[in-house]
Amino acid sequence: MKMKTLVYCCLLCGLQPALLLAQNQIETYASSLQPGNMMALSIEDVRSSSHLKESAVLDHKVANLADGRIATAWVEGAAKQGIGEWIQFRAQTQQICMRNGFQKSKALWAMNSRVQSFAISLDGEPVGTLLLKDNMQTQCVDLTRFKTLSNLPIVKLTIKGVYPGSRFEDTCVAEIWSQGG
Ligand SMILES: [Ca+2]
């Protein structure tokens, strides 16, 4: 298989290309840096492959991804750590930001699994892998790192790898939003 070295170096993080990826796939890190004077805009048409419902009150539904509250999270509802489970939404700008893990408290964040990497597709086209850091800070990525965009895309993020929780296998994402000015 022909390999192309379309691996992006994250300029903001000073990271070096680490892997050669097949099929023009791009691997990039989300950056913890937030640009100034940017507004948070809600993502739209949010859906998921599954979610965890512990009870009527503790329903970790996909709407929790876009409710503006860091304390609530989408939690995948599949067996084990939810590899292959996905979330999908329409971005409002070309930059998306997120908070990884269950962020109601530092203890709960550590107990539950966090996303280590997402396979990312834009408007149905697989374009690469988004690598996340294992922290409670805001992480952002410019979608044009993966593909030139002529419109605001439908973004699909499929769990590819996780940072295991110390007690629970459930993988969580607290919030995702678009950032723009
Ligand atoms: Ca939330």
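Up top you'll find the structure we're talking about.
Residues numbered from 1 in each chain as written. Predicted model: local features only at pLDDT ≥ 70, side-chain atom pairs only at ≥ 80, totals over all residues.

A.B. asks: An account of the overall build of the chain is needed here, citing residue identities and associated values.
C.D. replies: The helix and strand tally for the chain stands at 1 helix and 15 strands. The contacts of the chain with a sequence gap of at least 6 include a subset with a gap of at least 24, amounting to 71%. (Helix = DSSP H or I, 4+ residues; strand = E, 2+ residues; numbered from the N terminus. Contact = placed C-beta atoms within 7 Å.)

A.B. asks: Explain the environment of K133 to me, and be specific about the residues and the numbers.
C.D. replies: Inspection of the secondary structure puts K133 in the loop between strand 12 (125–131) and strand 13 (138–142). Judged by C-beta crowding, with 16 C-beta atoms within 10 Å, K133 ranks as partly exposed. As for K133 and R114, which are separated by 19 residues in sequence, their C-alpha atoms are 9.2 Å apart. (Buried ≥ 20, exposed ≤ 12 C-beta atoms within 10 Å, placed from the backbone.)

A.B. asks: So what about the pairing of strand 10 (residues 95–100)? Which residues, and what values?
C.D. replies: The buried count for strand 10 comes to 6 of 6 residues, which makes it a mostly enclosed element. Along strand 10, one buried face is formed by Q95, C97 and R99 and the opposite face, lined by I96, M98 and N100, is buried too. Here strand 10 runs beside strand 13; their pairing, made up of 5 bridges, is antiparallel. Considered in strand 13, the bridge of R99 is made with T138. (Pairing = 2+ DSSP bridges.)

A.B. asks: Can you break down unusual backbone geometry residue by residue, with the values?
C.D. replies: With the exception of glycine, most residues fall at negative phi, and the peptide bonds are largely trans. The backbone of D45 sits at a positive phi, close to 50°, despite the residue not being glycine. Along the chain, D45 falls in strand 5 (residues 44–48). One non-glycine residue, D123, adopts positive backbone phi at about 50°. Mapped onto the elements, D123 comes out in the loop between strand 11 (113–122) and strand 12. The exposure class assigned to D123 is partly exposed, which follows from the 15 C-beta atoms found within 10 Å.

A.B. asks: I'd like to hear about the environment of V155, residue by residue, with values.
C.D. replies: You can see V155 is positioned in strand 14 (residues 154–163). Separated by 59 residues in sequence, V155 and I96 have C-alpha atoms that sit 9.7 Å apart. Residues within four places of V155 in sequence aside, it is in contact with Q88, F89, A91, I96, I120 and L122.

A.B. asks: Lay out the environment of R47 in plain terms, naming residues and giving numbers.
C.D. replies: Within the secondary structure, R47 sits in strand 5. In this structure, the C-alpha to C-alpha distance between R47 and K156, residues 109 residues apart in sequence, is 9.4 Å.

A.B. asks: Please provide a residue-by-residue account of the nonpolar core, values included.
C.D. replies: Within soluble globular proteins, side chains that are nonpolar generally end up buried alongside one another. Formed by 35 residues in total, the largest nonpolar core has its most connected members in I96, I120, L130, V173 and I176. The element that contributes the greatest number of residues to this core is strand 15 (residues 171–180), accounting for 5 residues. Discounting chain neighbours no more than four positions away, the residues touching L130 are T28, A30, S117, F118, I120, V141 and L157. (Core = buried A, V, L, I, M, F, W, Y, C linked by C-beta atoms within 7 Å.)

By themselves, these observations are geometric and do not establish any function.
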